[in-house]
Structure formats: structure tokens, C-alpha cells
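# Chains, contacts and geometry: an overview
Spelled out from the first residue to the last, the chains are:
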Amino acid sequence: MELDATDKALIRRLQVDGRASYTDLGQEVGLSGPAVRQRIQRLTDAGVMQIAAVTDPLKTGRPVMALLGIRTDRDAAAVAAALGELDAVVYLVATAGSFDLFAEVVCASMADLSALINDRVRPMPGVAAIESFPYFGIHVHRFTWGVPD
């Protein structure tokens, strides 16, 4: 999908404030509120963007976060599909290098993290090895990675 300057301006503004009204957005880009609503609907229907609430796991009872580096001995896509079914997995990417997959997980306790790793992930068919990197703190967490000009 080709994005014009107005689409890009709307996306940038919504990355800063996803609750901005169509009227306010329209004033910023020179369109009516209904025209902005149609553009945003077109962008979301096309999968270019989504508007979602972002929660803070620390404030919602899941203060233990970790990155899991996973090596597979079979089809990494099948392992990724199985990992994607776990509620604790909040972000999952296929990668190159010493790991085939990285899974970001959130848990209520270290005991839950241990159970997730040892009882759920390690026994999965295709998982050859797993290394965990518990988070001590988050220093940058952004959702404004920009829109190309």
C-alpha cells in the first residue's frame, strides 16, 4: 500500500497519542473528521497500523520479564507457532545467528518464569536449547519507530 503525506502524518500523530479525536487529527492534516476516520479505517484494514492499548506488565501483576533465546533442531516456524500459543509470550521473532527465535515473556514470579522455561518451552518438540535473559529494568520502550518519508 502506498502511503501519502497525509497518511504518514496521521500515523506519526497516532503513535504519540492513539486517543486523538478525528476532529483534532483533521485540523492537523487539513481534512474533515469523517475523512480522517475513513483514512484511519483504510490503514487499519490494510494492516499498515493498528491502534492498541499498551499495558505496563509491572503494574498489571506480571513484573518478571525475560528474553528467551531459542535454538531449534527442526522447523523453526513450527516451534514459533507453538510458542505463540503461550500467554506469557508477548513478542516473538525469528532471527539469524546463534538463536533461531527470540521470545519476550512476562510472568508473575520467578517461579512462573522457571516453570515456563522448564515445563512448557524446553519440552516442546523442536526446541534444542534455550537461554534466558531476565530483565533487571527497561531503559527504552518506544512505539514511535517512524514512517519513511
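This structure is a prediction, so every number in the text was calculated from the model and none was measured.

### Comments concerning the overall build of the chain
- Helix and strand content of the chain: 5 helices and 4 strands.
- N-terminal to C-terminal, the α/β element order of the chain is α-α-α-β-α-β-β-α-β.
- For a compact globule of 149 residues, the expected C-alpha radius of gyration is about 15 Å, and the chain comes in at 20 Å, more than 25% above that figure.
- Each principal axis of the C-alpha atoms in the chain carries an extent, and together these give about 55 × 35 × 25 Å.
- Classification of the 149 residues of the chain by burial places 30% in the buried group.
- Considering only contacts in the chain between residues 6 or more positions apart, those separated by 24 or more positions represent 66%.
- For the chain, the exposed surface amounts to about 9,600 Å²; the carbon and sulfur share of it is 52%.
- Considering the chain, the positive charge centre built from 14 side chains and the negative charge centre built from 18 side chains are found 3 Å apart.

### A closer look at the environment of T55
- By secondary structure assignment, the location of T55 is in the loop between α3 (33-45) and β1 (64-72).
- Classification of T55 as exposed rests on a relative accessible area of 54%.
- Sequence separation between T55 and G84 is 29 residues; the distance between their C-alpha atoms is 19 Å.

### Focus on the packing of aromatic side chains
- Applying the stated rule across the entire model yields 2 aromatic pairs.
- An aromatic cluster is present here, built from F99, F102 and F133 joined pairwise through their rings.

### Quick word on the confidence of the model for the chain
- In this model, the chain carries an average pLDDT of 93, and 100% of its residues clear a pLDDT of 70 or more.
- Averaged pLDDT values over the elements of the chain bottom out at 93 in helix α1 (residues 5-16) and peak at 98 in helix α5 (residues 110-121).

### Quick word on the nonpolar core
- The biggest cluster of nonpolar side chains holds 21 residues, and the ones touching the most others in it are L68, I70, L83, V105 and V121.
- For this core, the secondary structure elements donating two or more residues are β1, α4 (76-84), β3 (101-107), α5 and β4 (127-134).
- Apart from the residues lying within four places of it in its own chain, the contact partners of V105 are V64, M65, A66, L68, A88, V89, L113 and L116.
- By size, the runner-up hydrophobic cluster in this structure holds 10 residues, among which are I11, I40, L43 and V147.

### A word on α1
- Given a rise of 1.5 Å per residue, 12 residues ought to cover 16 Å, and the 17 Å separating the end C-alpha atoms of α1 matches this to within 8%.
- Those residues of α1 that are buried lie in contact with α2 (22-29) and α3.
- Its side-chain oxygen 3.0 Å from the backbone nitrogen of T6, D4 forms the N-cap of α1.

### Notes on a nonpolar patch on the surface
- On the surface, a nonpolar cluster with roughly 370 Å² of combined accessible area is contributed by V54, F143 and W145.
- Tracing the backbone shows V54 in the loop between α3 and β1.
- We classify V54 as exposed; its relative accessible area is 52%.

### Side note on α5
- Of all the residues in α5, the buried ones are L113, L116, I117 and V121. What you see down the axis of α5 is that its buried residues fit within an arc of 90°, all on one side. Exposed and facing more than 90 degrees away from the buried side of α5 are A111 and D119.
- Turning to α5, the residues buried within the fold contact β1, α4, β3 and β4.

Parameters at a glance
Residues numbered from 1 in each chain as written. Predicted model: local features only at pLDDT ≥ 70, side-chain atom pairs only at ≥ 80, totals over all residues. Heavy atoms only, no water. Helix = DSSP H or I, 4+ residues; strand = E, 2+ residues; numbered from the N terminus. Rg over C-alpha atoms; globule rule 2.2 N^0.38 Å. Buried < 20%, exposed > 50% of the residue type's maximum accessible area, 1.4 Å probe, protein only. Contact = heavy atoms within 4.5 Å. Areas by Shrake-Rupley, 256 points an atom, 1.4 Å probe, with all protein chains shown as cover. Lys, Arg positive; Asp, Glu negative; His and termini not counted. Charge placed at Lys NZ, Arg CZ, Asp CG, Glu CD. Phe/Tyr/Trp six-rings, centres within 6.5 Å; stacked < 30°, edge-to-face > 60°. pLDDT = per-residue confidence, 0-100. Core = buried A, V, L, I, M, F, W, Y, C linked by side-chain atoms within 4.5 Å. Expected span 1.5 Å × (residues − 1). Polar contact = N/O pair within 3.5 Å; in protein donor to acceptor, adjacent residues only side chain to side chain. Patch = residues over 30% accessible without salt bridge, like charges linked within 9 Å, V, L, I, M, F, W, Y side chains within 5 Å. Salt bridge = Lys/Arg side-chain N within 4 Å of Asp/Glu carboxyl O. Arc of directions from axis to C-beta.

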